[in-house]
Amino acid sequence: MNKPIILVAALATALTFASSARAEAIFIGRLMVTGSQGSCDFNPVESRINARWMPSNLAGNPDASTLSLYNSFIAFNYVLEGARFTGTPKAVKARALVNFDSPIGFTPKIAFTSVSAALTGATEMVNVEGSMQGWEFMPNCDVTFRISFLKRI
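1. Observations regarding the packing of aromatic side chains
Using the criterion set out here, one finds seven aromatic pairs in the structure. Between Phe27 and Trp53 the ring centres are 5.5 Å apart and the planes differ by 35°, which places this aromatic pair in the tilted class. Placement of Phe27 in strand 1 (residues 27-38) and of Trp53 in strand 2 (residues 48-54) is noted, with a sequence separation of 26 residues between them. Note on Trp53 and Phe149: the rings are 5.1 Å apart at their centroids and 40° apart in plane angle, and the pair reads as tilted. Residue Trp53 is found in strand 2, and its partner Phe149 is found in strand 10 (residues 138-151); the two are separated by 96 residues along the sequence. An identical accessibility class is assigned to Trp53 and Phe149; each is buried. Connected via pairs of aromatic rings, a cluster forms that spans Phe27, Trp53, Phe85, Phe112, Phe145 and Phe149.

2. A few points about the state of the cysteines
For the structure on display, the rule yields one disulfide. The disulfide partner of Cys40 is Cys141, and the S-S distance across this bridge is 2.0 Å. One quick way to see it: the torsion about the S-S bond of Cys40 and Cys141 is about 85°, and its sign makes the bridge right-handed. Placement of Cys40 in the loop between strand 1 and strand 2 and of Cys141 in strand 10 is noted, with a sequence separation of 101 residues between them. For Cys40, a relative accessible area of 22% gives the class partly exposed.

Conventions used here
- Residues numbered from 1 in each chain as written.
- Predicted model: local features only at pLDDT ≥ 70, side-chain atom pairs only at ≥ 80, totals over all residues.
- Heavy atoms only, no water.
- Phe/Tyr/Trp six-rings, centres within 6.5 Å; stacked < 30°, edge-to-face > 60°.
- Helix = DSSP H or I, 4+ residues; strand = E, 2+ residues; numbered from the N terminus.
- Buried < 20%, exposed > 50% of the residue type's maximum accessible area, 1.4 Å probe, protein only.
- Disulfide = S-S within 2.5 Å.

Keep in mind that these numbers describe shape and distance, not what the molecule does.
Given below as structure tokens:
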């Protein structure tokens, strides 16, 4: 088995166990890029990646929203302290794991422009549309996306 795949799997497992001990409302799903503009190294439209979302201050969650995007080769973790991703694009802390954990090197911005359901501790499914300024390792590549989430049991 490849070392990067093992590292990504270990990170995803650690994120799941670490957050499940302190949080109650975690959503898992799949992100699909629906549009792009700017300077992208490749056309990201229709790219798909697994997603894990923990909204801030919901059913025992801490005062920080997190969005993790991952597949078998790479993982990105975005953290927004003291707020949710809804509304206008907000600067987030970002880290990536490919062969090792590292900062991304610029400050991405994320906005959830449409959330299909009012979030409560009982919300089971939610569809999100949004945008990201600085997709993956490309600071000038902006994308729009949609994500379908189910509440993790």
